[in-house]
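Survey of secondary and tertiary structure
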Amino acid sequence: MTSPDIQKDIVNSFAKETVKEIIEDLNEDFFGILVDESKDVSHKEQMALVLRYVNEKGELIERFLGLVHVKDTTAHALQKEIYSLLLQYSLSSSLIRGQGYDGASDMQGNINGLKTLILKDNPSAHCIHCFAYQLQLTLVAVAKKHHDVNNFLDILANVLNVVGGSYKRREMLRDD
């Protein structure tokens, strides 16, 4: 099994079976999409699509659906690629109930952004700015300025504990 073609066939077979299981778990229910586009190592634009949904057990699930090379990163082109990928797996864009993107104007733009185009097709597809992306940018900026990485991670752990504790406390106060 050293042939690259055979290896690609095996990987593609696993990918198809994995996506088939994801679609079954989704159970023709509502879902959100998380989309990001960037250049790969060969400088070709690619778009990643993740499905976010709640399964039958009530668990929040995020599953990678696919990666598509795109020639054009305009909002219209990305929308077409998203719909095409969803259709490839028999998923209707009318079931989208959430959208998550980074802050790029082609994604979040209020006039011609991807968010707006999808909302025009589906007013129930509410958009949330990707908090993880904001956190990543913040962490990278701070890490570049902080020479002692271990100390930085200790401080970060303390901050996250305080935020988590505050959130739990808020929930306890609400229940009273």
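Below you will find a few notes about this structure. Not measured: the values here are computed from a predicted model. (Residues numbered from 1 in each chain as written. Predicted model: local features only at pLDDT ≥ 70, side-chain atom pairs only at ≥ 80, totals over all residues. Heavy atoms only, no water.)

1. So, the overall build of the chain
Secondary structure assignment for the chain yields six helices and five strands. Reading the chain from its N terminus to its C terminus gives the helix and strand order α-β-β-β-α-β-α-α-β-α-α. Taking all 176 residues of the chain together, 30% fall into the buried category. In the chain, once contacts between residues fewer than 6 apart in sequence are set aside, the share between residues at least 24 apart is 50%. As displayed, the chain offers around 12200 Å² of accessible surface, 57% of which is attributable to carbon and sulfur atoms. (Helix = DSSP H or I, 4+ residues; strand = E, 2+ residues; numbered from the N terminus. Buried < 20%, exposed > 50% of the residue type's maximum accessible area, 1.4 Å probe, protein only. Contact = heavy atoms within 4.5 Å. Areas by Shrake-Rupley, 256 points an atom, 1.4 Å probe, with all protein chains shown as cover.)

2. Comments concerning the nonpolar core
Among the nonpolar cores identified, the biggest contains 28 residues, and Phe31, Ile33, Leu51, Leu65, Ile82, Leu86 and Ile118 are the most heavily contacted of them. Mapped onto this core, the elements with two or more residues apiece are α1 (4–26), β1 (31–39), β2 (45–54), β3 (60–69), α2 (75–88), β4 (96–101) and α4 (114–121). Ranked by the residues each element gives to this core, the list is headed by α2, at six residues. Ile33 has contacts with Leu49, Val50, Leu51, Ile82, Ile96, Gly98, Gln99, Gly100, Tyr101 and Ile118, leaving out every residue within four places of it along the chain. (Core = buried A, V, L, I, M, F, W, Y, C linked by side-chain atoms within 4.5 Å.)

3. Considering the side chain of Asn55
With respect to the helices and strands, the residue Asn55 is situated in the loop between β2 and β3. Within polar-contact distance, the side chain of Asn55 engages the backbone nitrogen of Lys57 at 3.0 Å. For Asn55, the residues in contact, after removing those within four places along its chain, are Asp25 and Ile61. (Polar contact = N/O pair within 3.5 Å; in protein donor to acceptor, adjacent residues only side chain to side chain.)

4. Some words on the environment of Phe64
Counting through the fold element by element, Phe64 comes out in strand β3. Taking C-alpha positions, Phe64 is 9.1 Å from Leu34, a pair spaced 30 residues apart along the chain.

5. Digging into unusual backbone geometry
In the Ramachandran plot, Glu28 falls in the positive-phi region, its phi being about 55° despite a non-glycine side chain. Among the secondary structure elements, Glu28 is positioned in the loop between α1 and β1. Phi at Ser90 is positive, roughly 60°, even though this residue is not glycine. Tracing the backbone through its elements, the reader meets Ser90 in the loop between α2 and β4. For Ser90, a relative accessible area of 67% puts it in the exposed group.

6. Notes on the pairing of β2
Burial runs high along β2: seven of the 10 residues are buried. Note that β1 and β2 share eight bridges and pair antiparallel. Bridge pairing links Glu37 to Met47 in β2. Connecting β2 to the next strand, β3, in antiparallel fashion are five residues, including Gly58 with a positive phi near 85°. (Pairing = 2+ DSSP bridges.)

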